[in-house]
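Chain by chain, the residues:
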Amino acid sequence: MTVVTLTTDFGVESPYTAAMEGVLLSMNPRLNVVRITNSVPPQNIRAGSAILAETTPFFPEGTIHIAVIDPGVGTTRSILYAKIGEQHYVLPDNGLLSQLSEQEQPSLLFRLTNANFWRRVTSNTFHGRDIMAPIAAHLSLGVPPQEMGEPVTDFHTFDSIVPRVMADRICGEVVRIDSFGNLITNIHSEHLQGRPTDQRALIICGLYDTYGVMNTYGDGYEGSLVAIINSSNLLEIAVVGENASKRLNLQVGTPVTIGWEG
Amino acid sequence: MTVVTLTTDFGVESPYTAAMEGVLLSMNPRLNVVRITNSVPPQNIRAGSAILAETTPFFPEGTIHIAVIDPGVGTTRSILYAKIGEQHYVLPDNGLLSQLSEQEQPSLLFRLTNANFWRRVTSNTFHGRDIMAPIAAHLSLGVPPQEMGEPVTDFHTFDSIVPRVMADRICGEVVRIDSFGNLITNIHSEHLQGRPTDQRALIICGLYDTYGVMNTYGDGYEGSLVAIINSSNLLEIAVVGENASKRLNLQVGTPVTIGWEG
Amino acid sequence: MTVVTLTTDFGVESPYTAAMEGVLLSMNPRLNVVRITNSVPPQNIRAGSAILAETTPFFPEGTIHIAVIDPGVGTTRSILYAKIGEQHYVLPDNGLLSQLSEQEQPSLLFRLTNANFWRRVTSNTFHGRDIMAPIAAHLSLGVPPQEMGEPVTDFHTFDSIVPRVMADRICGEVVRIDSFGNLITNIHSEHLQGRPTDQRALIICGLYDTYGVMNTYGDGYEGSLVAIINSSNLLEIAVVGENASKRLNLQVGTPVTIGWEG
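Residues numbered from 1 in each chain as written. Chains lettered and ligands numbered in written order. Predicted model: local features only at pLDDT ≥ 70, side-chain atom pairs only at ≥ 80, totals over all residues. Heavy atoms only, no water.

Here we look at the overall build of chain A
In step 1: Looking only at helices and strands, chain A has 6 helices and 16 strands in total.
In step 2: Taking the principal axes of its C-alpha atoms as reference, chain A extends roughly 65 × 35 × 35 Å.
In step 3: Of all 262 residues assigned to chain A, the portion counted as buried reaches 57%.
In step 4: Contacts spanning at least 24 positions in sequence make up 65% of the contacts within chain A whose residues lie at least 6 apart.
In step 5: Here chain A has roughly 11100 Å² of accessible surface; of this, 48% comes from carbon and sulfur atoms.
In step 6: Between the averaged position of the 16 positive side-chain charges in chain A and that of its 26 negative side-chain charges there is a distance of 6 Å. (Helix = DSSP H or I, 4+ residues; strand = E, 2+ residues; numbered from the N terminus. Buried < 20%, exposed > 50% of the residue type's maximum accessible area, 1.4 Å probe, protein only. Contact = heavy atoms within 4.5 Å. Areas by Shrake-Rupley, 256 points an atom, 1.4 Å probe, with all protein chains shown as cover. Lys, Arg positive; Asp, Glu negative; His and termini not counted. Charge placed at Lys NZ, Arg CZ, Asp CG, Glu CD.)

In structure tokens form, the structure reads like this:
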């Protein structure tokens, strides 16, 4: 049973996603369709790219991932098939592969132009249902991507916001806020290798600071600011037992610095 | 593997839906249960009817669709089984079939009254779990609807809000706003057949207007008002790259006219 | 096909849940994963306990239920395996079993400490993905819980808020508000056995009152306050056709008394 996942910005529990699921199951009843989320912020390709990188590598080898964050729907932007590791992706060529491809380049990449594999009538506004779902169903039934389009070598990416690494500090920023209000930064545990993370490290986030990277939220006092390495190996700022974003009034883009006096 | 879908107004990610899913899988472990949405506006039968018409025809033949938008639960309103095309419906007789039956009349219609096919103890407030889910499970196991009730010929519908078609104009209205804020009207592409849709057509929506129906959002300037035919073949008003409903402060019910000077 | 359910406080349509689903399906592709909800109020163990008790008994025998409402993640709190009836539970030992165990004590109870059955690298902040999902997958593949940890006899519970039962009245309170705004109390139909529930019973909820427990919402006038026994056999206060919580401005904790003058 092949798994197909759906990641969209259609809005919570959108019936549009159900229509895609209907198309998929009509073409291949043996699919296991998993909705990753419909709650990508509208037209936010950067957020979609982050969610794909955080979730899709956990799926079984051979899973087909459809992503419909597609502000250019109906224009000349291409629809891509990409194979990265043992995962397959069907998505518009607009930067959604950025974070995944930082870790590993696609081993196969096709621009999907053969309308024989789409729904007979395609709308101008809903390529998820009319083009991407049918393509994913055909892939799951064994149609090779080369029958559905032509190989390409290039695809859109956007620059990731990388932290600046200096002798005595690393300057990053808040790149995402999770549903608990924790502030997730772009400072990776690899940036910290060979540097002390105990009380000698000072973490500054907006107007607030704390010493030392803790192992877990529970090591801090209730209501205190803590820095931890989270489950995606990123430096994360939290307030124990509270919503840090609301409590400190901090947003995406807030500078976060970790420094050492030497 | 039979597909059963669930459309409810229980609220986002409602555990009530999970209870229905548990009942279904307990009776038939081979079901593939798909949640269309729990986010139908509370007790809004008109919205539920629209969602059923937009999504259920995309599902595989033989799918069983349960809809629980049921303000009359526990009263004498009936529970219906209807077959429309190759899709099966189990839902209260309160108008939920209105939009589906405009396209095609039910070929089978039963009032389901045989309590032998319900949960042994039924509550007065949750017929989705106690009556509709068991009925759907029995249908999926091959019990014919005539064993579960008696045939009827009539069912509740509400009048659809149809546009007025005149020699020099068509007067419709906004009937739905999608999660992107696009304004979906009740003017269908069939209403426009034989009429020009290029710059000779003037589309008026509230205080705003635009000339010509575009093929896609991308054909308009960022921030400008555009009219397109959407993926359900309905005239739709959008603001390129923005949320039209918020930007223009327009709601469901706003008059939309498309006119030709001749 | 074994069913695994997921109940979390990760937030609506959280991609974190998708990561857990990916881990489960990677280890056992034949699982049927059902999301009960991601919308348990953050870190609200009492709410999580109520949702598990209301939904999980409806699932097929042998279902494995994972619950991740886990404010103590990364501390020394244990992860439990419990068997209650024919349902299996994998969850942190923090009170989540309280309401289920009021109805029936676990017949098997293990503290799961054997890291051989976890993901090779485990984070300090996401034990749902790194420990609980792999354990559930191993259970579904037939690994007995005694291989994954040691038996225990004790687990955390919190006191339930029980109503005070007196000769002429029962004093309870609102314990939950559903998505329709109905006020669900902790007064069970069993508390009312042998007492009249017709017009001789006066139900007082905050500043409002009504005589008699009705069979269904539909028996009351539009806009009037009614008391009914709901589908979980609990006394529930509703306003016919409206959102009682908003209309009456009443919250969880509001005292509810049902009294008889004798």
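Now that the structure has been shown, the text picks up again.
Topic: the relation of the copies chain C and chain A
Copy one and copy two of the chain differ by a rotation about a common axis and a shift along it.
In step 1: Mapping chain C onto chain A is achieved by rotating through 120° and translating by 0.0 Å along the same axis, at an RMSD of 0.1 Å. Overall, the copies show the geometry of a three-fold rotation axis. Across chain C, the smallest distance between a C-alpha and the rotation axis is recorded for Val-12 of chain C, namely 4.4 Å.
In step 2: Taken as a fraction of all interface residues of chain C, those also at the interface in chain A reach only 14%, which identifies the copy contact as different-surface. (Least-squares fit on C-alpha atoms with pLDDT ≥ 70 in both.)

Points about the interface of chain C and chain A
In step 1: Each partner contributes residues to the interface: chain C has 29 residues there, and chain A has 29 residues.
In step 2: With both sides pooled, the region where chain C packs onto chain A buries about 2200 Å², and carbon together with sulfur makes up 58% of that total.
In step 3: Area buried by chain C at its contact with chain A is led by Glu-13, Tyr-16 and Thr-125 of chain C, which between them contribute 26% of it.
In step 4: Counting every contact that joins chain C to chain A gives 0 salt bridges.
In step 5: The interface formed by chain C and chain A holds 12 residue pairs in polar contact (both at pLDDT 80 or more) in total.
In step 6: The biggest single contributor to the side of chain C that touches chain A is helix H1 (residues 15-27) of chain C, with 9 residues.
In step 7: Per-class residue counts for the side of chain C that touches chain A are 13 nonpolar, 10 polar and 6 charged. (Buried area = accessible area lost by both parts, 1.4 Å probe. Salt bridge = Lys/Arg side-chain N within 4 Å of Asp/Glu carboxyl O. Polar contact = N/O pair within 3.5 Å; in protein donor to acceptor, adjacent residues only side chain to side chain. Nonpolar A, V, L, I, M, F, W, Y, C, P; charged D, E, K, R; others polar.)

Thoughts on the pattern of salt bridges
In step 1: In the structure shown here, the tally under the stated rule is 30 salt bridges over all chains.
In step 2: Here Lys-83 of chain A ties to Glu-86 of chain A by a salt bridge, and the two come within 3.8 Å at their closest N and O atoms.
In step 3: For the salt bridge of Asp-130 of chain B with Arg-129 of chain B, the shortest nitrogen-to-oxygen distance reads 2.7 Å.
In step 4: In this structure Asp-130 of chain B comes out as buried when scored by relative accessible area, which is 0%.
In step 5: Classification of Arg-129 of chain B as buried rests on a relative accessible area of 5%.

A short note on the confidence of the model for chain A
In step 1: Chain-level pLDDT for chain A is 92 on average; 100% of the residues reach the 70-or-more range.
In step 2: In the model output, the complex is listed with pTM 0.82 alongside ipTM 0.79. (pLDDT = per-residue confidence, 0-100.)

Description of the nonpolar core
In step 1: Ranked by size, the top nonpolar core spans 58 residues in total, and within it Leu-24, Ile-66, Val-90 and Leu-112 of chain A together with Leu-91 and Leu-97 of chain B carry the most contacts.
In step 2: Excluding residues within four positions of it along the chain, Ile-66 of chain A makes contact with Val-4, Thr-5, Leu-6, Thr-7, Met-20, Leu-24, Val-90, Met-132, Ala-133 and Ala-136 of chain A. (Core = buried A, V, L, I, M, F, W, Y, C linked by side-chain atoms within 4.5 Å.)

Re the interface of chain C and chain B
In step 1: In this assembly, 29 residues from chain C lie in contact with 29 residues from chain B.
In step 2: Summing the contributions of chain C and of chain B, the shared interface buries around 2200 Å²; its carbon and sulfur component is 58%.
In step 3: When the buried surface of chain C facing chain B is broken down by residue, Phe-58, Phe-180 and Ser-231 of chain C rank first, second and third, together holding 30% of it.
In step 4: If you look at where chain C meets chain B, you find 0 salt bridges.
In step 5: Summed over the shared surface of chain C and chain B, the result is 12 residue pairs in polar contact (both at pLDDT 80 or more).
In step 6: When contributions to the side of chain C that touches chain B are tallied by element, the ones reaching two or more residues are strand E2 (32-37) and helix H2 (45-55) of chain C.
In step 7: For the side of chain C that touches chain B, the element with the most residues is E2 of chain C, which contributes 5 residues.

Looking at the relation of the copies chain C and chain B
In step 1: Overlaying chain C on chain B yields an RMSD of 0.0 Å, the required transformation being a rotation through 120° with an accompanying axial translation of 0.0 Å.
In step 2: Little of the interface of chain C is mirrored in chain B, where only 14% of its interface residues are also at the interface.

Concerning the packing of aromatic side chains
Residues and elements named next belong to chain A.
In step 1: In the structure shown here, the tally under the stated rule is 12 aromatic pairs over all chains.
In step 2: For the pair Tyr-16 and Phe-126, a centre-to-centre distance of 5.4 Å together with 70° between the ring planes defines the contact as edge-to-face. Here the residue Tyr-16 occupies a position in helix H1 (residues 15-27), and Phe-126 occupies one in the loop between strand E6 (108-112) and helix H4 (127-140), the gap between them amounting to 110 residues. Comparing Tyr-16 with Phe-126 shows no difference in burial state: the two are buried.
In step 3: Aromatic pair Tyr-81 and Phe-110: ring centres 6.3 Å apart, planes at 45°, arrangement tilted. Placement of Tyr-81 in strand E4 (residues 79-84) and of Phe-110 in strand E6 is noted, with a sequence separation of 29 residues between them.
In step 4: For Phe-110, a relative accessible area of 7% translates into the label buried.
In step 5: Ring-pair connections join several aromatic residues into one group, and the members of that group are Phe-10, Tyr-16 and Phe-126. (Phe/Tyr/Trp six-rings, centres within 6.5 Å; stacked < 30°, edge-to-face > 60°.)

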